[in-house]
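Survey of secondary and tertiary structure
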Amino acid sequence: MSILKYTVLPLKQRALEPFVKRISYIENETVEPQFHSIPPIGANGLSFYFGAPMRHIINHETIPLLKGASVLGTITEDGITVIHQGCVKQIYIEFTPTGFYRLFHKHGSKFTNSPPADFSTIDAQMLENELENCSKDVKSIQDVFENYLLRIMPNALPEIPLINNVVSLMQADVADKNRVEDICKKVGVNQRYLSRLFKKVIGMSPKKYYRTQQWNTIMSIINENKEETLTKWALECGFYDHPSFTKEFKKFMQIPPSEFINGDVSLVQMVLRQNRQ
């Protein structure tokens, strides 16, 4: 059993809005070790853990987090699990689709489906030092993050309106399984070019990004026990029958939908709530 606290922190520096989607504070307290499979996540972010240590299992390999500060990439595959015990506290900076790439000039694909990366991979050792040396309270840590991002903002790369437009069109109708092809026609761009751009900036292809949005919607419906709506969405998202849907769900989440509905999935619920806000 775990006690989960999740809070979205208001962004203090409004100038960061084109780059930062949200800042979250997560606190999870457990007595026994808790294992949670992580659902698909379509955003790059920065994380700072304090409190009890965290571990990840990636492709059956247990990887301890040796540092509190880490870069978290997008997740498109199964096989990534978080293990925690005790009281774990985390501040998570989630970037807009183009925010991470523009601020740090790093390809998103470098971090996709990878273990949490050191801040040195984005040349942010100064930020790591400031986090390690600041007071370990939510306000102080948020201030350190926002002030650092403000300092590097003048060197940000130009806006990428094509990605912003495509993401907006995807979010407008997440149930349309042919949306990527339709969007390319609407925005007048070659699909191969768009795929290269998405992989470079976000870390995944447009199809995988769109599929991630679909999965987050489907799992949110499961979490709310709307079985009739779930069947409709599953069919509209390209699953032709119940067995094919169950197979794909288990591939992503490591458990069948029935266990997801009935089990202790508090951490997954938090991620889904975060993704759909």
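Along each chain, residues carry numbers from 1 onward, in the same order as the chain's sequence is written. Given that this is a predicted model, residues contribute local features only at a pLDDT of at least 70 and side-chain atom pairs are listed and counted only at 80 or more, while totals for whole chains, interfaces and linings are drawn from all residues. Each side-chain value is worked out from all heavy atoms of the structure, with water and hydrogens disregarded.

1. Here we look at the overall build of the protein
Each helix and strand counted, the protein has 11 helices and seven strands in total. What makes two residues a contact is simply this: any of their non-hydrogen atoms within 4.5 Å. Long-range pairs, those at least 24 residues apart, make up 76% of the contacts in the protein with a sequence separation of at least 6. Summed over all atoms, the accessible surface of the protein reaches about 13,200 Å², with 52% contributed by carbon and sulfur. Helical segments are the DSSP runs of H or I of at least four residues, strand segments are the runs of E of at least two, and each set is numbered from the N terminus. Reported accessibility uses the Shrake-Rupley method at a 1.4 Å probe radius. Residues are deemed covered only where the shown protein chains occlude them.

2. Side note on the packing of aromatic side chains
Stacked, tilted and edge-to-face are the three classes assigned to paired rings of Phe, Tyr and Trp, where Trp is represented by its six-membered ring and a pair needs centres within 6.5 Å; plane angles under 30 degrees give stacked, over 60 edge-to-face, the rest tilted. This model, assessed by the stated rule, comprises six aromatic pairs. Relative to Tyr209, the ring of Phe198 has its centre 5.8 Å away and its plane inclined at 75°; by these criteria the two rings are edge-to-face. Of this pair, Phe198 sits in helix H6 (residues 191-201) while Tyr209 sits in helix H7 (residues 206-223), and the two are 11 residues apart along the sequence. One exposure class covers both Phe198 and Tyr209, and it is buried. The buried label applies to any residue whose accessible area, calculated with a 1.4 Å probe on protein chains only, is under 20% of its type's maximum; exposed applies above 50%, and partly exposed to all values in between.

3. Remarks on the packing of helix H4 (residues 161-172) against helix H5 (residues 179-187)
An axis is simply a line fitted to the C-alpha atoms; with a helix, the fit covers only the stretch in contact. Between two such axes, the angle follows the N-to-C directions and lies from 0 to 180 degrees. The N-to-C vectors of H4 and H5 enclose an angle of 135°; their axes lie 10 Å apart at closest approach. Classified by the angle between their axes, H4 and H5 sit oblique to one another. Two packed elements cross with a definite hand, and for H4 against H5 that hand is right-handed. For the pair formed by H4 and H5, the contact residues are Leu162, Val166, Leu169 and Met170 on the first element and Arg179, Val180, Ile183 and Val187 on the second. Across the contact of H4 with H5, the residue classes tally to seven nonpolar, no polar and one charged. Angles are sorted into four bins: roughly parallel if under 35 degrees, roughly antiparallel if over 145, roughly perpendicular if 65 to 115, and oblique for all others. Take the far helix as the reference: if the near one is turned anticlockwise from it by less than a right angle, the crossing is left-handed, and if turned clockwise, right-handed. The nonpolar class holds Ala, Val, Leu, Ile, Met, Phe, Trp, Tyr, Cys and Pro. Asp, Glu, Lys and Arg form the charged class, and all remaining residues, Gly among them, are polar.

4. Quick notes on the confidence of the model for the protein
In predicted models, pLDDT denotes the confidence assigned by the predictor to each residue on a 0 to 100 scale. With 71% of its residues at a pLDDT of 70 or more, the protein has an overall mean of 81. Taken as a whole, residues 264-277 scores under 50 in pLDDT and shows 45 contacts with residues more than four places along the chain or in a different chain.

5. Things to note about the packing of helix H2 (residues 125-133) against helix H3 (residues 138-152)
Between H2 and H3, the shortest axis-to-axis distance is 9 Å and the interhelical angle comes to 160°. Classified by the interaxial angle, the pair formed by H2 and H3 is roughly antiparallel. As for how H2 packs across H3, the hand of that crossing is right-handed. Along its contact with H2, which presents Met126, Leu127, Glu130 and Leu131, the element H3 presents Ile141, Val144, Phe145, Tyr148 and Arg151. Grouping the amino acids of the contact of H2 with H3 by side-chain chemistry returns seven nonpolar, no polar and two charged.

6. What about the pattern of salt bridges?
Counted as salt bridges are all cases of a side-chain nitrogen of Lys or Arg within 4 Å of a carboxyl oxygen of Asp or Glu. Across all of its chains, the model carries nine salt bridges by this definition. Two residues, Asp143 and Lys12, come together in a salt bridge whose shortest N-O distance is 2.7 Å. Of this pair, Asp143 sits in helix H3 while Lys12 sits in the loop between strand S1 (2-9) and strand S2 (20-37), and the two are 131 residues apart along the sequence. For Asp143, a relative accessible area of 22% gives the class partly exposed. When its relative accessible area of 40% is taken as the criterion, Lys12 is described as partly exposed. Here Arg151 makes a salt bridge to Glu130, at a shortest N to O gap of 2.9 Å. Here Arg151, found in helix H3, pairs with Glu130, found in helix H2; they are 21 residues apart in sequence, far enough to count as distant. Taken together, the shared-partner salt bridges in this structure form one network comprising Lys12, Lys139 and Asp143.

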